[in-house]
Each structure stands twice: as C-alpha cells, then as structure tokens.
Amino acid sequence: GSHRVDTADLAARIGRQSIVRATPEQVRDATGQAIGGVAPTGHPAPLTTIVDEHLATYPELWAAGGTPHTVFPLSFDELVRITGGAVTQVD
C-alpha cells in the first residue's frame with residue numbers, strides 16, 4: 001500500500017506500549033523468508049498480523065510469494081482471511 005506505518009500510533013491503536021520495525025534477521029527468523037519477499041502465509045509459527053484498512057480501496061492486491069521475485073494477486077478480503085489479520089488504520 002501507499003502508507004508507512006506510524007509505529008507509535010499503531011501501538012496505541014492495538015493496545016501495545018510500543019512496537020518497533022523488525023530487522024532483516026528478525027524477519028527471516030520469524031518467517032523463514034527474506035525481506036522484500038515475505039508472503040502473508042506459510043510462516044513457521046503464527047504471527048500477529050495487522051492489515052491496513054486503506055488496502056480495501058484497491059480492487060486487486062499483489063502479495064509476495066516467499067521470495068523477492070515472486071508475487072500473486074488476491075483481494076483485500078482474501079488477504080484478511082488467509083492471514084487472520086486485524087484490520088486497522090496504520091498511518
């Protein structure tokens with residue numbers, strides 16, 4: 001999407017004291033995938049997922065497929081369903 005996450009604002013919205021951006025190493029440890037290619041599913045363990053409500057304004061979304069060179073199309077509703085994500089404003 002077109003938004004960058006305001007981490008302080010998002011933390012307040014989801015009831016956390018703070019959140020920080022993950023390092024590339026943390027991303028790989030949590031997902032088994034490299035940044036730039038992290039798929040919305042298929043992670044070794046469940047992850048808390050936040051879905052930007054603004055993504056619903058797009059008729060079609062493209063998500064990474066597990067590598068930086070692979071993508072696939074899906075709808076906003078499909079993204080929310082497959083991730084079990086909480087929909088909220090992120091900017």
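Residues numbered from 1 in each chain as written. Predicted model: local features only at pLDDT ≥ 70, side-chain atom pairs only at ≥ 80, totals over all residues. Heavy atoms only, no water.

Visitor: Give me the layout of surface pockets: which residues, what numbers.
Guide: Approximately 1700 Å³ is the volume attributed to the largest pocket. Lining the largest pocket we find 39 residues, and of these Val5, Val38, Thr48, Thr49 and Ile50 sit closest to its centre. Those elements giving two or more residues to the lining of the largest pocket turn out to be helix 1 (7-13), helix 2 (24-31), strand 1 (50-52), strand 2 (61-64) and helix 3 (76-83). Here the residues of the lining of the largest pocket are counted per class, giving 23 nonpolar, eleven polar and five charged. (1 Å grid on protein atoms, 1.4 Å probe; cavity = no way out; pocket = protein on both sides within 12 Å on 5 of 7 lines; lining within 4 Å. Points joined across faces, edges and corners; volume = space filled by probe spheres on them. Helix = DSSP H or I, 4+ residues; strand = E, 2+ residues; numbered from the N terminus. Nonpolar A, V, L, I, M, F, W, Y, C, P; charged D, E, K, R; others polar.)

Visitor: Go over the pattern of salt bridges, please, and point to the residues and values.
Guide: Scanning the entire structure with this criterion turns up one salt bridge. Among the ionic pairs, Arg13 bridges to Asp9, the shortest N-O distance being 2.8 Å. Of the two residues, Arg13 and Asp9 are both situated in helix 1; the distance of four residues between them amounts to about one turn of the helix. You can call Arg13 partly exposed: its relative accessible area is 38%. Residue class for Asp9 comes out partly exposed when judged on its relative accessible area of 26%. (Salt bridge = Lys/Arg side-chain N within 4 Å of Asp/Glu carboxyl O. Buried < 20%, exposed > 50% of the residue type's maximum accessible area, 1.4 Å probe, protein only.)

Visitor: Give a detailed account of the nonpolar core, specifying residues and quantitative values.
Guide: The biggest cluster of nonpolar side chains holds eight residues, and these are Val51, Leu55, Leu61, Ala63, Leu74, Phe76, Leu79 and Val80. If you list the elements that add at least two residues to this core, you get strand 2 and helix 3. Among the elements that make up this core, the one with the highest residue count is helix 3 (three residues). If we ignore the near neighbours within four places in the chain, the residues touching Phe76 are Val51, Asp52, Glu53, Leu55, Ala56, Leu61 and Val87. (Core = buried A, V, L, I, M, F, W, Y, C linked by side-chain atoms within 4.5 Å. Contact = heavy atoms within 4.5 Å.)

Visitor: How would you explain helix 3 if you had to name every residue and give the values?
Guide: Residue pairs three or four apart in sequence face the same way in an α-helix, which turns once every 3.6 residues. Taken as a whole, helix 3 has its buried residues at Phe76, Leu79, Val80 and Thr83. Seen end-on, helix 3 carries its buried residues on one side only, within an arc spanning 95°. Across from the buried face of helix 3, at angles greater than 90 degrees, the exposed residues are Asp77 and Arg81. Turning to helix 3, the residues buried within the fold contact strand 1, strand 2, strand 3 (71-74) and strand 4 (86-88). Positive backbone phi, approximately 65°, marks Gly84, located one or two places after helix 3. (Arc of directions from axis to C-beta.)

Visitor: Kindly report on the pairing of strand 3, identifying the contributing residues and their values.
Guide: Here strand 2 runs beside strand 3; their pairing, made up of four bridges, is antiparallel. Note that in strand 3 the partner of Trp62 across the bridge is Pro73. Connecting strand 2 to the next strand, strand 3, in antiparallel fashion are six residues, including Gly66 with a positive phi near 110°. (Pairing = 2+ DSSP bridges.)

Note that all results are geometric; they support no functional claim without further evidence.
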